Amino acid sequence: MTMISESIEDEDKWLAEGIAGLQHNAFYMHRALDSNNLRDALKYSAQMLSELRTSRLTPHKYYELYMRAFDELRKLEMFFKEETKRGCSIIDLYELVQHAGNILPRLYLLCTVGSVYIKSKEAPAKDVLKDLVEMCRGIQHPVRGLFLRSYLSQISRDKLPDIGSEYEGDADTVMDAVEFELQNFTEMNKLWVRMQHQGPAREKEKREKERNELRDLVGKNLHVLSQIEGVDLEMYKETVLPRVLEQVVNCKDELAQYYLMDCIIQVFPDEYHLQTLETLLGACPQLQPTVDIKTVLSQLMERLSNYAASSAEVLPEFLQVEAFSKLSNAIGKVIEAQVDMPVVGAITLYVSLLTFTLRVHSDRLDYVDQVLGACVKKLTGKPKLGDNKATKQIMALLSAPLEKYNDIVTALNLSNYPRVMDYLDDGTNKVMAVVIIQSIMKNTTCISTADKVEALFELIKGLIRDLDGTPVDVLDEEDFKEEQNSVARLIHMLYNEDPEEMLKIICTVRKHILQGGPKRLPFTVPPLIFSALKLVRRLQGQEGDVVGEEMAVTPKKIFQLLHQTIEALSIVPSSELALRLYLQCAEAANDCDLEPVTYEFFTQAFILYEEEIADSKAQVTAIHLIIGTLQRMGIFGVENRDTLTHKATGYSAKLLKKPDQCKAVYACAHLFWVDDQDGVKDGERVLLCLKRALRIANAAQQMANVTRGSSGPVTLFVEILNKYLYFFEKGNPQITSSVIQGLIELITTEMQSDNTVSDPSADAFFGSTLRYIQFQKQKGGAMGEKYEPIKV
Amino acid sequence: MNYLIGAFKPPCKVSITFADGRTRKQASIKKENGQTALVPLFQSQENIVGEVAIEPAQGKKVEHNGVKIELLGQIELYFDRGNFYDFTSLVRELDVPGEIYERKTYPFEFSTVEMPYESYNGVNVRLRYILKVTISRNYVGNIMEYQDIWVRNYTPLPSINNSIKMEVGIEDCLHIEFEYGKSKFHLKDVIVGKIYFLLVRIKIKNMELEIRRRESTGSGPNTYVETETLAKFELMDGAPVRGESIPIRLFLSPYELTPTYRNINNKFSVKYYLNLVLVDEEDRRYFKQQEITVYRLLETF
């Protein structure tokens, strides 16, 4: 630490000394200038410039000194100019400054006079420039050389014999301007590269940092080149680019190569890049293996894509020069050449290429697939990616087409897409699969053929089934649910108008999801079932139209499929869900007039109820579902219906808790009274059910009395009363006003009993029911009359 | 006192003037005391024409045994001081013995005088031309008056002027090839050339070109050699790498050179060398010296 601070202090001191020396001599130089004393002016200016001979300053500090000298040299230049007006020959001046014994001051002075010389036009600009750039070879010290040449570049910038410039000579002098800049560039780059070898090895890092600070001095030359009017495409192609690249490649320096390639790409017009793509790209594999070519190429492709986007007129150019295949080849070669390039680097390159392709040739899916294919080729033989960055890049690679086309269907045509995905680790694979699904949902993309569905499921297989070696138990429950829900949503996006194709789709999905294992099936089977049922409904609607044709797809077929599918679920076991689905199917089968099928579904539902559903609460729910569904079934013949209703009623009465029994049993009453035209209307059995319910309610009261010392609330009775009222109104002849009257009185008595715990809600319920009766009575008409006998 | 002084005063004033004195070029010469003086400039084969004026002091007469003027070309070696080697001696008798009462002038002329050597003021040697007027007298010392003239001889452009090209080096350490465009330079010439680095394994700090003058006097065991470095001209700053080529452009005009003098009258030589010096970071010097010929160019307008 102290060493560093000391060296900084030293450096400040040296800089201060340098500035002092410079100012001291500048003072005498000014005096000489004021008194038109050429000899002294030369003497003191040379002494002043001698301060730049120091080796002790870092480039940063040296720059400070240089800038001061630069300002002073401007004054000197003015003086030289006036001197020539006073009659001093510029040619003599040009010689005179070369008498200086030290080379650095001599060359600064020479450049300064040279500037005046060119302006005087006493010699062609090209000759003077050529002489200056040649003489500057004398400075081989990197920092001093770079600054000197930078000075040369600075003073010559407005004096190049460019086309249209006042310094343009007779013929082809643009070439001279270009030669001059190229030479200065080449020499500066050589110096810059050489800088790294100056001084002890242990300070290499520091030196590289310093070197980096100087890079713009070198790059400036390229900038100037790009500004030369006469550098047209032809000249760029034939001279400028090959020469610059030659230097870049030959310098064999990582820092320089990276910076200069980037510089070339940034300073010259995109149109030139496009037309010289082969040359530019040809240099890439020749660069040092450590050069960050991917960034360079990415920049290039980025610029080219922007260029392509700038105007539709330039697109044909891209095609004409076969930009894609050239870039693609180049990337291949770079990857081949840079053996040590990490996978992430290669993938990043492909991402850039893909981005370019999508932006420039969005219509060329084959290109896109080609890029993915190249990526697969690179990844082949490698294990799945553990590298986070590489994974991210692959994600980017895979997401790009989705974002571009907003349509997974397009991506599904890319044969290499899933092959790339295979290289993701399982976790990321899933994330990517979710991204794909999200893209589908966002764009409400409909996937309409079985082939595409197949491809899609192949893509998202990470979500569909356990991949090899997945540690299942480390899965986050939340994430898992999220994923599976998205799969479920996806299933609804698979649709085709044509039933045949739709069935194929369903079969495909089924095939995939059945591999999902116990944890996934509960999520994925229901949407599939409903999707299939939707198809059934569709067929049902069309039935009439397709008579006579041989039907490949029939509801029957679908129901078979459904049956097997739900079966899979019931084995899982997820019996409650399976039961619901069976009932859904039964309902659909009912609507299709397929009695045996319907019956079978009910059978399955009952079997599940019997064998799998043990939990009493679950039983309650299940039995109500069964009852509810069964009630709507119009298809059954008497026998089947009896069997099923009998079962339902029987199970209802066998529920564990009395109140549950009661509720189920009165619900069963509906099984015998379907309120439509052809519905069953078996009043007697309705009454039987209700009476049974009453008995159970009574039993429940008594049990409560025994166990708790008080009766339960009258709620059950009120509920039954409501059922009575319902069937009464529906015209069940077995339900008479006197029966109702009796029930009302029973409830009233119960409520007044000491044993009964009053329950405000039950009271309110009963009160409302009574008010309803009152209301019906007062309504008059047929209903009023019907209610008339009931007294409340 | 006046009398006494008068006794030692020269009895007459002798002056030498040239016929073309007004128009003749003069050379600016540094004298031994460091001052510069202007001296009429001649070259070989010129006519030296003028007159000698003798003006006796007021009221005196000069009695003499004859008056003559000599043109002498002398070489003076400093280690052998006082000895002059006359390589040229021409005499013109100006007057027969007699007496001079008043100012008297004598025209003289040396026609197409052969003055093969240039005037030269060196470290150990001097070559000069003088006109010497002698008024011979009996009993008292002769009266003598001297007039220096400066001689420069011009050479036309050499018909053959080869470049100097050479590859030198230290094995496995440093190999360079240098080239000077010519081997013969006139005094206002420019040395143009380049140094090409074939191999660089040492850390070079800088490179300079020196112009050295080697004046050797005497002969055999009594040879004295004096070397002066007249110019130190930095050619390169920093360490080059293999393949670099460094330009040389050195203007000779700022330096006080003379032409190369080879074995002047067997008494002395003045030779010039270009010494290319490379200095490494440890201040070790590597050099290679090459003789060049310097000549005075005959200006043709």
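Parameters and conventions
Residues numbered from 1 in each chain as written. Chains lettered and ligands numbered in written order. Predicted model: local features only at pLDDT ≥ 70, side-chain atom pairs only at ≥ 80, totals over all residues. Heavy atoms only, no water. Helix = DSSP H or I, 4+ residues; strand = E, 2+ residues; numbered from the N terminus. Rg over C-alpha atoms; globule rule 2.2 N^0.38 Å. Buried < 20%, exposed > 50% of the residue type's maximum accessible area, 1.4 Å probe, protein only. Contact = heavy atoms within 4.5 Å. Areas by Shrake-Rupley, 256 points an atom, 1.4 Å probe, with all protein chains shown as cover. Lys, Arg positive; Asp, Glu negative; His and termini not counted. Charge placed at Lys NZ, Arg CZ, Asp CG, Glu CD. Patch = residues over 30% accessible without salt bridge, like charges linked within 9 Å, V, L, I, M, F, W, Y side chains within 5 Å. Salt bridge = Lys/Arg side-chain N within 4 Å of Asp/Glu carboxyl O. Polar contact = N/O pair within 3.5 Å; in protein donor to acceptor, adjacent residues only side chain to side chain. Pairing = 2+ DSSP bridges. Axes fitted to C-alpha atoms, helices over the stretch in contact; angles between N-to-C directions. Phe/Tyr/Trp six-rings, centres within 6.5 Å; stacked < 30°, edge-to-face > 60°. Core = buried A, V, L, I, M, F, W, Y, C linked by side-chain atoms within 4.5 Å.

**What about the overall build of chain A?**
Moving on, step 1. From N to C terminus, chain A includes 39 helices and zero strands.
Moving on, step 2. Radius of gyration (C-alpha) of chain A: 46 Å, far over the 28 Å computed for a compact globule of 792 residues.
Moving on, step 3. In terms of its C-alpha atoms, chain A occupies a principal-axis envelope of roughly 140 × 70 × 55 Å.
Moving on, step 4. Looking at chain A as a whole, 53% of its 792 residues qualify as buried.
Moving on, step 5. Residue pairs at least 24 apart in sequence account for 72% of intrachain contacts in chain A once pairs closer than 6 positions are excluded.
Moving on, step 6. Surface summary for chain A: the accessible area is close to 35500 Å², and the carbon and sulfur share equals 50%.
Moving on, step 7. Computed over 89 positive and 112 negative side-chain charges, the inter-centroid distance for chain A is 3 Å.

**Focus: a negative patch on the surface**
Moving on, step 1. Taken together, the side chains of Asp476, Glu478, Asp479 and Glu482 of chain A define an acidic patch exposed on the protein surface.
Moving on, step 2. With a relative accessible area of 60%, glutamate 478 of chain A lands in the exposed category.

**What about the interface of chain A and chain B?**
Frequently, the measure chosen for interface size is the accessible area removed from exposure when the parts meet.
Moving on, step 1. Across the boundary between the two partners, chain A contributes 23 residues, which contact 19 residues of chain B.
Moving on, step 2. For the pair chain A and chain B, the number of links is five salt bridges.
Moving on, step 3. Across the pair glutamate 244 of chain B and arginine 194 of chain A runs a salt bridge whose closest N-O atoms are separated by 2.7 Å.
Moving on, step 4. Linking chain A with chain B are 14 residue pairs in polar contact (both at pLDDT 80 or more), by the criterion used here.
Moving on, step 5. Listing elements by their share of the side of chain A that touches chain B, those giving two or more residues are helix H4 (90-96), helix H5 (103-120), helix H6 (125-135) and helix H8 (173-194) of chain A.

**Description of the side chain of histidine 512 of chain A**
Residue and element names in this part refer to chain A.
Moving on, step 1. Its place among the elements puts histidine 512 in helix H27 (residues 499-513).
Moving on, step 2. What makes histidine 512 buried here is its relative accessible area of 6%.
Moving on, step 3. If near-sequence neighbours (up to four positions away) are discounted, histidine 512 is found in contact with Glu454, Phe457 and Ile464.

**A few points about the sheet that holds strand S9 (residues 104-110) of chain B**
Residue and element names in this part refer to chain B.
Moving on, step 1. Across the sheet, which stays open at both edges, the three strands sit in the order S1-S4-S9 with antiparallel pairing between neighbours. Each edge of the sheet is formed by a strand with only one pairing partner; in this case those strands are strand S1 (12-18) and S9. Across the sheet, the mean angle from the axis of one strand to that of its neighbour is 20°, orientation sign disregarded.
Moving on, step 2. The pairing of S1 with strand S4 (residues 48-56) spans seven bridges and is antiparallel. Among the inter-strand pairings, cysteine 12 is bridged to a residue of S4, identified as proline 56.

**Structural notes on a positive patch on the surface**
Residues and elements named next belong to chain A.
Moving on, step 1. A contiguous patch of positive charge, built from Lys654, Lys691, Arg692 and Arg695, is present on the exposed surface.
Moving on, step 2. Tracing the backbone through its elements, the reader meets lysine 654 in the loop between helix H33 (638-653) and helix H34 (658-668).
Moving on, step 3. Using a relative accessible area of 66% as the deciding quantity, one classes lysine 654 as exposed.

**Quick word on the environment of asparagine 221 of chain A**
Moving on, step 1. Positionally, asparagine 221 of chain A belongs in helix H10 (residues 215-227).
Moving on, step 2. Asparagine 221 of chain A has contacts with Ser153, Glu181, Asn184, Phe185 and Met188 of chain A, leaving out every residue within four places of it along the chain.

**Some points on the side chain of threonine 565 of chain A**
All names here are of chain A.
Moving on, step 1. When you line up the elements, threonine 565 lands in helix H29 (residues 555-571).
Moving on, step 2. Assessed through its relative accessible area of 1%, threonine 565 is described here as buried.
Moving on, step 3. Setting aside chain neighbours within four positions, we find threonine 565 in contact with Arg510, Leu514, Val525, Leu528 and Ile529.

**Some thoughts on the sheet that holds strand S14 (residues 174-180) of chain B**
All names here are of chain B.
Moving on, step 1. What the four strands build is an open sheet, ordered S13-S14-S16-S19; its pairing is antiparallel. At either end of the open sheet lies a strand with only one pairing partner, and these are strand S13 (164-170) and strand S19 (245-251). Geometrically, the sheet is characterised by an average inter-axis angle of 20° between neighbouring strands, direction not taken into account.
Moving on, step 2. For strand S16 (residues 190-200) and S19, the ladder comprises seven bridges, and the chain directions are antiparallel. When the bridges of S19 are listed, valine 192 appears paired with arginine 249.

**Section: the pattern of salt bridges**
Moving on, step 1. Summed over all chains, the structure comprises 53 salt bridges over all chains.
Moving on, step 2. We note a salt bridge from arginine 303 of chain A to aspartate 270 of chain A, for which the minimum N-O separation is 2.7 Å. Within this pair, whereas arginine 303 of chain A is found in helix H15 (residues 293-310), its partner aspartate 270 of chain A is found in helix H13 (residues 270-275), the two being separated by 33 residues in sequence.
Moving on, step 3. The shortest N-O distance in the salt bridge between aspartate 148 of chain B and arginine 128 of chain B comes to 3.5 Å. Of this pair, aspartate 148 of chain B sits in strand S12 (residues 143-151) while arginine 128 of chain B is found in strand S11 (residues 125-136), placing the two residues 20 residues apart along the sequence.
Moving on, step 4. Aspartate 148 of chain B sits in the partly exposed class, given a relative accessible area of 31%.
Moving on, step 5. Within the structure, one salt-bridge network assembled from shared partners comprises Glu134, Arg137, Glu187, Lys190 and Arg194 of chain A together with Glu244 of chain B.

**Overview of the packing of aromatic side chains**
Moving on, step 1. What the rule picks out here adds up to 38 aromatic pairs over all chains.
Moving on, step 2. Ring centres 5.0 Å apart and planes at 55° place the aromatic pair tyrosine 62 of chain A and phenylalanine 147 of chain A in the tilted group. Linking tyrosine 62 of chain A in helix H3 (residues 59-85) with phenylalanine 147 of chain A in helix H7 (residues 142-156), this pair joins segments that are 85 residues apart in sequence.
Moving on, step 3. A residue is classified by how much of its surface remains accessible, and phenylalanine 147 of chain A, at 1% relative accessible area, is buried.
Moving on, step 4. An angle of 65° between the planes, with centres 4.9 Å apart, marks the rings of phenylalanine 87 of chain B and tyrosine 117 of chain B as edge-to-face. Of this pair, phenylalanine 87 of chain B sits in strand S7 (residues 84-95) while tyrosine 117 of chain B sits in the loop between S9 and strand S10 (120-121); the two residues are 30 residues apart in sequence, bridging distant segments of the chain.
Moving on, step 5. Linked through ring pairs, Tyr62, Tyr63, Tyr66, Phe70, Tyr108, Phe147 and Tyr151 of chain A together constitute an aromatic cluster.

**What to know about the nonpolar core**
Moving on, step 1. Counting 275 residues, the largest nonpolar core has Ile264, Ile408, Tyr417, Ile436 and Phe559 of chain A as its most contacted members.
Moving on, step 2. The dominant element in this core, judged by the number of residues it contributes, is helix H18 (residues 343-360) of chain A, at 12 residues.
Moving on, step 3. Setting aside chain neighbours within four positions, we find phenylalanine 559 of chain A in contact with Leu533, Val536, Cys585, Ala588, Ala589, Cys592, Leu594, Val597 and Phe601 of chain A.
Moving on, step 4. In this structure, Leu77, Ile149, Ile164 and Leu274 of chain B belong to the second largest nonpolar core, which totals 70 residues.

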